[in-house]
Protein chains: 2
Amino acid sequence: MKRIIVISLFISLTFNCLFTLLGGIFLAKRGGLPYLFDYLSRLTKNNSSPPSLTSPTYLHQTSQFELLTINNDSIIFLGDSLTAEGKWSELFANPKIKNRGIGGDTTIGVIARLDKIIESQPQKIFLMIGVNDIYQGVSANTVYNNYRTILERFHQETPTTKVYIQSILPINKKLVIYPTAANNQQISQLNSQLKQLAAEFSYTYVDIFSSLADEENNLKPIYTHDGIHLNGQGYRPWKEILAEYVNDD
Amino acid sequence: MKRIIVISLFISLTFNCLFTLLGGIFLAKRGGLPYLFDYLSRLTKNNSSPPSLTSPTYLHQTSQFELLTINNDSIIFLGDSLTAEGKWSELFANPKIKNRGIGGDTTIGVIARLDKIIESQPQKIFLMIGVNDIYQGVSANTVYNNYRTILERFHQETPTTKVYIQSILPINKKLVIYPTAANNQQISQLNSQLKQLAAEFSYTYVDIFSSLADEENNLKPIYTHDGIHLNGQGYRPWKEILAEYVNDD
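Note that the structure is a prediction, hence the values are computed from the model and not measured.

## Quick word on the pattern of salt bridges
Point 1. Enumeration according to the criterion identifies 17 salt bridges over all chains in this entry.
Point 2. A salt bridge links Glu90(B) to Arg100(A), with the shortest nitrogen-to-oxygen separation between them at 2.8 Å. Taken together, the residues Glu90(B) in helix H5 (residues 88–91) and Arg100(A) in strand E2 (residues 97–101) connect one chain to another.
Point 3. By relative accessible area, Glu90(B) is classed as buried at 16%.

## Notes on the pairing of strand E3 (residues 124–128) of chain A
For a regular strand, side chains alternate in direction, first toward one face of the sheet and then toward the other.
All names here are of chain A.
Point 1. Across the five residues that make up E3, a large majority, five, are buried.
Point 2. The alternating pattern of E3 places Lys124, Phe126 and Met128 and Ile125 and Leu127 on opposite faces, both of which are buried.
Point 3. Where strand E1 (residues 75–79) meets E3, five bridges bridge the pair, whose relative direction is parallel. Bridge assignment links Ile76 to a residue of E3, and that residue is Ile125.

## Remarks on empty space enclosed by the protein
If you roll a probe as big as a water molecule over the atoms, it shows you where there is empty space left.
Residue and element names in this part refer to chain B.
Point 1. Summed over all chains, the structure comprises one cavity of 30 Å³ or more.
Point 2. What lines the largest cavity is Thr62, Phe65, Glu66, Arg100, Arg113, Lys116 and Ile117.
Point 3. Sort the elements by how many residues they give to the lining of the largest cavity and helix H3 (residues 56–67) lands first, with three residues.
Point 4. Residue classes in the lining of the largest cavity are distributed as two nonpolar, one polar and four charged.

## A few points about the nonpolar core
Point 1. Counting 63 residues, the largest nonpolar core has Phe154(B), Trp238(B) and Leu242(B) as the members making the most contacts within it.
Point 2. Contacts of Leu242(B), omitting those with residues within four sequence positions, involve Phe77(B), Trp88(B), Phe92(B), Phe126(B), Gln166(B), Val206(B) and Ile208(B).
Point 3. Ile70(A), Ile129(A), Phe209(A) and Tyr58(B) belong to the second-largest nonpolar core, a separate cluster that totals 62 residues.

## Description of the packing of helix H9 (residues 140–157) of chain B against helix H10 (residues 184–200) of chain B
Packed helices, taken two at a time, are described by the angle their axes make and the gap between the axes.
Residues and elements named next belong to chain B.
Point 1. Across the interface, H9 lies against H10 with an axial gap of 11 Å and an inter-helix angle of 25 degrees. By the angle class used here, H9 and H10 are roughly parallel. Between H9 and H10 lies a crossing whose hand is right-handed. Facing Ala140, Val143, Tyr144, Tyr147, Arg148 and Leu151 of H9, the residues of H10 in contact are Leu190, Gln193, Leu194, Leu197 and Glu200.
Point 2. The residue inventory of the contact of H9 with H10, partitioned by class, reads eight nonpolar, one polar and two charged.

## Things to note about the packing of aromatic side chains
Point 1. Inspection of every chain in the model, using the stated rule, returns 20 aromatic pairs over all chains.
Point 2. Geometrically, the ring pair formed by Phe201(A) and Tyr203(A) is stacked, given 6.1 Å between the ring centres and 10 degrees between the ring planes.
Point 3. Residue classification places Phe201(A) among the buried residues on the basis of a relative accessible area of 8%.
Point 4. On the basis of relative accessible area, Tyr203(A) is assigned to the buried category, the value being 13%.
Point 5. Plain terms: the ring middles of Trp88(B) and Phe92(B) are 6.4 Å apart, the flat faces sit at 20 degrees to each other, and that makes the pair stacked.
Point 6. Given a relative accessible area of 1%, Trp88(B) falls into the buried group.
Point 7. Phe92(B) gets classed as buried once you look at its relative accessible area, which sits at 11%.
Point 8. By way of ring pairs, the aromatic residues Phe77(A), Trp88(A), Phe92(A), Phe126(A), Tyr164(A), Tyr235(A), Trp238(A) and Tyr245(A) are connected into one cluster.
Point 9. The aromatic ring of Phe92(A) is capped on one face by Lys239(A), whose charged end is 5.9 Å from the ring centroid.

## So, unusual backbone geometry
Note on backbone geometry: most residues besides glycine have negative phi, and most peptide bonds are trans.
All names here are of chain A.
Point 1. Here the phi dihedral of Ser202 falls at roughly 60 degrees; this positive angle occurs in a residue that is not glycine.
Point 2. Within the element layout of this structure, Ser202 appears in the loop between helix H10 (184–201) and strand E5 (204–206).
Point 3. By relative accessible area, which is 67% here, Ser202 ends up exposed.

## Some thoughts on helix H12 (residues 232–247) of chain A
Since the α-helix advances by 3.6 residues per turn, residues separated by three or four positions end up pointing in the same direction.
Residues and elements named next belong to chain A.
Point 1. Between the first and last C-alpha of H12 there are 21 Å, a value that for 16 residues agrees with the 22 Å anticipated at 1.5 Å per step.
Point 2. In H12, a bend of some 40 degrees at Ile241 exceeds every other bend along the element.
Point 3. Among the residues of H12, Gly232, Gly234, Tyr235, Pro237, Trp238, Leu242, Tyr245 and Val246 are the ones counted as buried.
Point 4. A distance of 3.1 Å separates the backbone nitrogen of Gln233 from a side-chain oxygen at the start of H12, and that oxygen is part of Asn231.

Rules of the game
Residues numbered from 1 in each chain as written. Chains lettered and ligands numbered in written order. Predicted model: local features only at pLDDT ≥ 70, side-chain atom pairs only at ≥ 80, totals over all residues. Heavy atoms only, no water. Salt bridge = Lys/Arg side-chain N within 4 Å of Asp/Glu carboxyl O. Helix = DSSP H or I, 4+ residues; strand = E, 2+ residues; numbered from the N terminus. Buried < 20%, exposed > 50% of the residue type's maximum accessible area, 1.4 Å probe, protein only. Pairing = 2+ DSSP bridges. 1 Å grid on protein atoms, 1.4 Å probe; cavity = no way out; pocket = protein on both sides within 12 Å on 5 of 7 lines; lining within 4 Å. Points joined across faces, edges and corners; volume = space filled by probe spheres on them. Nonpolar A, V, L, I, M, F, W, Y, C, P; charged D, E, K, R; others polar. Core = buried A, V, L, I, M, F, W, Y, C linked by side-chain atoms within 4.5 Å. Contact = heavy atoms within 4.5 Å. Axes fitted to C-alpha atoms, helices over the stretch in contact; angles between N-to-C directions. Parallel < 35°, antiparallel > 145°, perpendicular 65-115°, else oblique. Left-handed = near helix turned anticlockwise from the far one by under 90°. Phe/Tyr/Trp six-rings, centres within 6.5 Å; stacked < 30°, edge-to-face > 60°. Lys NZ or Arg CZ within 6 Å of the ring centre and 35° of its normal. Expected span 1.5 Å × (residues − 1). Bend = angle between axes of the 7 residues up to and from the residue. Polar contact = N/O pair within 3.5 Å; in protein donor to acceptor, adjacent residues only side chain to side chain.

Next up, the structure:
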């Protein structure tokens, strides 16, 4: 009896040590405890409703947007952090450009703040949204339907607005800080759908993806420090592509 | 002997259960596991070098700023997230305003990016920086010396620039999501020093603190969702105060 207990204890302890050791090595390679806590933090956040729409930052931004004036002369850049982090009115030296990007936003988030955009009947809208949907595991079908909702509202409620549907940008999973199930194949598939949707609504589809991707469809490392967002160099080709659409009448 | 082991085990288990129970209740009140992982994530990050200056977002922003043009006509808003999140050029309908706020920035971060600002010899600089220093536990003496470094460089290297030193804003610890040792007394003390420094350099000190604080010197809850950052309503009084300085010649 005693012997069995001792052997069981020994086996249990050995396995404990082994797994702890392997876990430790894995963790150290990934960046140690900060990585673990970050990862757990993201996991627990993603299990609840999307953080974007209820986070203080999101509420702060949307409430400021409510106070600001846009009108039928405005050029709206609508999207998530990739749009938000671009200094568009400075890049184009054009004060008509209004940045309406919010970090973490999704297709559902954009739908929730369409009223303010539509009531202003802006001159142009440059839309880029959806990578956070993919990140959060929203189904391709839902993203597609949300896009359709957005475009139908533009089409019916602000018919004189020129709408530009920008491709989602590639990511680089080797550089991504947080592990994600999202991949560039999903992004390319969504882009194909967006191109079709744009044609259906007679809106302009603008391919930014190809200019930022390497030959394996990954976001070029020279454009990013985190595999998703862009440094100044990354905004350059994006701006070049948009220039003809921003500046035309 | 057996009895002692059993009693020890019983005491040990009782205390374990008790502490687990108390810990669970405490955690549940604070927001459960997401709170714990967020808290641990912040703790481990703060133990290394300040996250702001090496984070991808910081590198992305600074590299974009390097590409953008500012000149001797520009009005620079220089600071941290509180500056970054304000749509200043829209709020004042003034395209000369360039937002050079970066989330998480500190006095050291501002010093590191002074060259680009100074070489443009801007018309005006509105500076608000320091609350992240206090958050990160940087000593009052160090913050003061960093401010002196910033102001001396402005004074000597861009003497025609009008510099406006804005007070640090109050926080509201009841609403703060992450526990912090920072408090409004520290912020008020720093503001007193900034007022003196401004006088010493013949720069204008602008008190924003008083307009956003309640009678107990806490950030008014109507202005914030997280006890630190501002919603649209919070940017209104701030803008009102700055209007005379932004619009004068």
